[in-house]
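# Structural features, examined
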Amino acid sequence: MGFLDSLFGRSKPVKPDLDQLFGLPSAAITLQAAVGFTPTGAGSVCFASIEGGAFAEVQQEVRALLDADSERAGVPVEASRDDYGYSWLLSRRDPGDLPALVGDLHAVNSALQDSGFGPQLLCSLVSFHDAASRPLALVYLYKRGTFYPFAPQPGQKRDNPLELQVKAVVDDDLRVEQDLTRWFPLWGAPGL
């Protein structure tokens, strides 16, 4: 970082570290032991779509790669677009096979990144629920290389105390985003 960057408060962006996703299985064990949340078997990747043949081709290749997995048991990867125009790829696995789900998310992120579409990646999430069926997601921010918990409630409200509790619980397993203003709500995210 240069002198002028320091003087004007600019910082270099954090490089994404997709290998951070592989910390999710151990965080899931900690999460279950501490607060009773277990994986649902759903995870998704959000990215900004680009018009054009190259991007559409990469998107199709990723879906074909994941759908070709014989362990998926006939559940295809689901593609959707949200109200804000962002694209989502949703993968479903057996809830007890979180490592396979994390592998799916890593494959999607890596394929887009390796094809030059890394700037379009926004986040990935893995869904959890407790015995009362309360939803929770651990969200990976691609551009920050960090995670944060998102606990939606009906009426587009958040369970902030639960989110802070989960932050404290998984802080040793995952690189947690310390800037709470970056804990964006993901209302209606596929799989949540």
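To keep things clear, this report deals only with the structure shown in the data block.

## Comments concerning the sheet that holds strand E2 (residues 78-81)
Taken together, six strands build an open sheet; the order of strands is E2-E3-E1-E4-E5-E6 and the sheet is antiparallel. The open sheet terminates on both sides in strands that have one partner only, identified here as E2 and strand E6 (146-150). Between one strand axis and the next, the sheet turns through 25° on average, direction left out of account. Taken strand by strand, helix H4 (residues 98-117) contacts strand E1 (38-48), strand E3 (86-92) and strand E4 (121-129), and its axis lies near 10° from that of E1.

## A few points about unusual backbone geometry
Positioned with a positive phi, Ser133 is a non-glycine residue whose angle comes to about 65°. Here Ser133 lies in the loop between E4 and strand E5 (135-141). Residue Ser133 is classed as exposed on the basis of its relative accessible area of 57%. Phi at Gln156 takes a positive value of approximately 50°, unusual for a residue other than glycine. You can see Gln156 is positioned in the loop between strand E7 (152-153) and strand E8 (157-158).

## Some points on helix H2 (residues 24-35)
With twelve residues, H2 should cover 16 Å at 1.5 Å per step; its first-to-last C-alpha distance of 15 Å lies within 8% of that length. Of the residues making up H2, those classed as buried are Leu24, Ala27, Ala28, Leu31 and Val35. Projected down its long axis, H2 carries its buried residues within an arc of 105°, all on one side. Across from the buried face of H2, at angles greater than 90 degrees, the exposed residues are Ile29 and Ala33. Contact partners of the buried residues in H2: E1, H4, E4, E5, E6 and helix H5 (160-170). Of the residues flanking the end of H2, it is Gly36, one or two places downstream, whose phi is positive at about 80°.

## Focus on the environment of His106
As for its position among the elements, His106 is in helix H4. Given the relative accessible area of 17%, His106 is considered buried. With 84 residues separating them in the primary sequence, His106 and Phe22 have C-alpha atoms 8.4 Å apart. With residues up to four places along the chain from it excluded, the contact list for His106 reads Leu18, Asp19, Leu21 and Phe22.

## Some remarks on empty space enclosed by the protein
Counted by the stated rule, this structure contains one cavity of 30 Å³ or more. When contributions to the lining of the largest cavity are tallied by element, the ones reaching two or more residues are E3 and H4. Here the lining of the largest cavity is composed, by residue class, of seven nonpolar, one polar and one charged.

## Concerning the nonpolar core
Ranked by internal contacts, the top residues of the largest apolar core, which has 49 residues, are Leu24, Leu31, Phe128, Val139, Val170 and Leu186. The element contributing the most residues to this core is H4, with seven residues.

## Focus: the packing of aromatic side chains
This model, assessed by the stated rule, comprises three aromatic pairs. Ring centres of Tyr140 and Phe147 lie 5.1 Å apart, and the angle between their planes is 55°; on these two criteria the pair is classed as tilted. Residue Phe147 is classed as buried on the basis of its relative accessible area of 1%. Seen in terms of ring centroids, Tyr148 and Trp183 are 6.0 Å apart; in terms of plane orientation they differ by 20°. Their pairing is stacked. With Tyr148 in strand E6 and Trp183 in the segment after H5, this residue pair connects regions lying 35 residues apart in the sequence. Its relative accessible area of 2% is what places Tyr148 among the buried residues.

## Observations concerning the packing of H2 against H4
When two helices pack together, their arrangement is given by the angle between their axes and by how far apart the axes lie. Their axes nearest at 9 Å, the elements H2 and H4 cross at an angle of 135°. The pairing of H2 with H4 is recorded here as oblique in orientation. Classified by chirality, the crossing of H4 by H2 is right-handed. Facing H2, whose interface residues are Leu24, Pro25 and Ala28, H4 presents Leu98, Pro99 and Val102. Of the residues assigned to the contact of H2 with H4, the class counts are six nonpolar, no polar and no charged.

Calculation notes
- Residues numbered from 1 in each chain as written.
- Predicted model: local features only at pLDDT ≥ 70, side-chain atom pairs only at ≥ 80, totals over all residues.
- Heavy atoms only, no water.
- Pairing = 2+ DSSP bridges.
- Helix = DSSP H or I, 4+ residues; strand = E, 2+ residues; numbered from the N terminus.
- Axes fitted to C-alpha atoms, helices over the stretch in contact; angles between N-to-C directions.
- Contact = heavy atoms within 4.5 Å.
- Buried < 20%, exposed > 50% of the residue type's maximum accessible area, 1.4 Å probe, protein only.
- Expected span 1.5 Å × (residues − 1).
- Arc of directions from axis to C-beta.
- 1 Å grid on protein atoms, 1.4 Å probe; cavity = no way out; pocket = protein on both sides within 12 Å on 5 of 7 lines; lining within 4 Å.
- Points joined across faces, edges and corners; volume = space filled by probe spheres on them.
- Nonpolar A, V, L, I, M, F, W, Y, C, P; charged D, E, K, R; others polar.
- Core = buried A, V, L, I, M, F, W, Y, C linked by side-chain atoms within 4.5 Å.
- Phe/Tyr/Trp six-rings, centres within 6.5 Å; stacked < 30°, edge-to-face > 60°.
- Parallel < 35°, antiparallel > 145°, perpendicular 65-115°, else oblique.
- Left-handed = near helix turned anticlockwise from the far one by under 90°.

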